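Architecture at a glance
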Amino acid sequence: VQQLGTPLSNQEYRQFFRSLWAAHRASTACLLRELYGCQNPLVRRLDEYENHGVIPEGPICSELPGTPFFPDFCTFSFYRCTRKRYFIKV
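Residues numbered from 1 in each chain as written. Predicted model: local features only at pLDDT ≥ 70, side-chain atom pairs only at ≥ 80, totals over all residues. Heavy atoms only, no water.

Brief notes about helix α2 (residues 41-50)
Residue Asn 40 occupies the N-cap position of α2, its side-chain oxygen lying 2.9 Å from the main-chain nitrogen of Leu 42. A positive phi of about 55° marks His 52, the residue just after α2. (Polar contact = N/O pair within 3.5 Å; in protein donor to acceptor, adjacent residues only side chain to side chain. Helix = DSSP H or I, 4+ residues; strand = E, 2+ residues; numbered from the N terminus.)

Structure below.
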């Protein structure tokens, strides 16, 4: 057990910054989506990567209570971006 007020261990720091960088990368992807739209080649590659190589066609179901369906993956992704709920899965 670590004493209160002491710095994180090297492993704890790696974990701490890994989660920060993941959110930073997600917000950067959202900015690209907002600026260039879903048809941009880089945004499409990110969407394909997130979905094991194929961007799903709509409608999209989500884990979000009260918002279970989206007409397509692009709309779903924009919703996640605007709510800063980057890691909600389909």
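Quick word on the packing of aromatic side chains
Summed over the entire model, instances satisfying the criterion amount to five aromatic pairs. On the basis of an interplanar angle of 15° and a centroid distance of 6.0 Å, the ring pair of Tyr 13 and Phe 17 is categorised as stacked. One end of the pair, Tyr 13, and the other, Phe 17, are both in helix α1 (residues 10-36), four residues apart, so they sit about a helical turn from each other. Tyr 13 sits in the partly exposed class, given a relative accessible area of 35%. Phe 17 gets classed as partly exposed once you look at its relative accessible area, which sits at 39%. Taken together through their ring pairs, the aromatic side chains of Phe 70, Phe 73, Phe 76 and Tyr 79 make up a single cluster. (Phe/Tyr/Trp six-rings, centres within 6.5 Å; stacked < 30°, edge-to-face > 60°. Buried < 20%, exposed > 50% of the residue type's maximum accessible area, 1.4 Å probe, protein only.)

As for the environment of Phe 78
The topology assignment puts Phe 78 in helix α3 (residues 73-83). Since its relative accessible area comes to 30%, Phe 78 is described here as partly exposed. If we skip the residues at most four places from it in the chain, Phe 78 touches Arg 33, Glu 34 and Cys 38. (Contact = heavy atoms within 4.5 Å.)

Here's the deal with the state of the cysteines
For the structure on display, the rule yields two disulfides. Here Cys 30 connects covalently by a disulfide to Cys 81, the sulfurs 1.9 Å from one another. The sign of the -85° torsion about the S-S bond sets the Cys 30-Cys 81 disulfide as left-handed. Pair noted here: Cys 30 is in helix α1 and Cys 81 is in helix α3, with a separation of 51 residues, a long-range link. The two residues Cys 30 and Cys 81 agree in class, both being buried. Paired through a disulfide, Cys 38 and Cys 74 show a sulfur-sulfur distance of 1.8 Å. Disulfide Cys 38-Cys 74: torsion about the S-S bond near 80°, hence right-handed. In this pair, Cys 38 is assigned in the loop between α1 and α2 and Cys 74 in helix α3, connecting sequence segments 36 residues apart. Across the pair, Cys 74 and Cys 38 agree in class, each one buried. By sequence order of its bonded cysteines, the protein has the disulfide arrangement 1-4, 2-3. (Disulfide = S-S within 2.5 Å.)

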